[in-house]
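# Observations on the model geometry
Here is how the chains run, residue by residue.
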Amino acid sequence: MSTDWCEFALEPDDRDVLLNGVVAPDHFDDLAALLTRFGVTYTLELYDENDKLVRETHG
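A short tour of the structure in this document, coming up. (Residues numbered from 1 in each chain as written. Predicted model: local features only at pLDDT ≥ 70, side-chain atom pairs only at ≥ 80, totals over all residues. Heavy atoms only, no water.)

This paragraph deals with the environment of Val54. You can see Val54 is positioned in strand β4 (residues 53-58). Not counting the four nearest positions on each side in its chain, Val54 is found in contact with Leu46, Tyr47 and Asp48. (Helix = DSSP H or I, 4+ residues; strand = E, 2+ residues; numbered from the N terminus. Contact = heavy atoms within 4.5 Å.)

Structure representation (structure tokens):
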């Protein structure tokens, strides 16, 4: 799944589905809003180029 500002792979397991990919930092809130609109329970994490967690949100 991809747009011009994000690209994700869906990885289902026994109980959940992992969205693994990248999002443009300035669209982090857009992705959270989209998942919320769909009624999805989620945790989003944003890492910098040094793999340091810079932002996290839950919905």
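There's plenty left to go through after this.
Another point: the layout of surface pockets. As a volume, the largest pocket reaches approximately 650 Å³. Along its surface, the largest pocket is lined by 21 residues, and Leu18, Leu19, Thr43, Leu44 and Glu45 are the ones closest to its centre. Elements that contribute at least two residues to the lining of the largest pocket include exactly β1 (6-12), β2 (17-23), α1 (28-37) and β3 (43-47). Sorting elements by how many residues they give to the lining of the largest pocket places β2 first, with seven residues. Tallied by class, residues from the lining of the largest pocket come to 15 nonpolar, four polar and two charged. In terms of residue count, α1 provides more of the lining of the second largest pocket than any other element does, three residues in total. A breakdown of the residues in the lining of the second largest pocket according to their chemical character gives nine nonpolar, one polar and no charged. (1 Å grid on protein atoms, 1.4 Å probe; cavity = no way out; pocket = protein on both sides within 12 Å on 5 of 7 lines; lining within 4 Å. Points joined across faces, edges and corners; volume = space filled by probe spheres on them. Nonpolar A, V, L, I, M, F, W, Y, C, P; charged D, E, K, R; others polar.)

So yeah, pure geometry; function would need other evidence.
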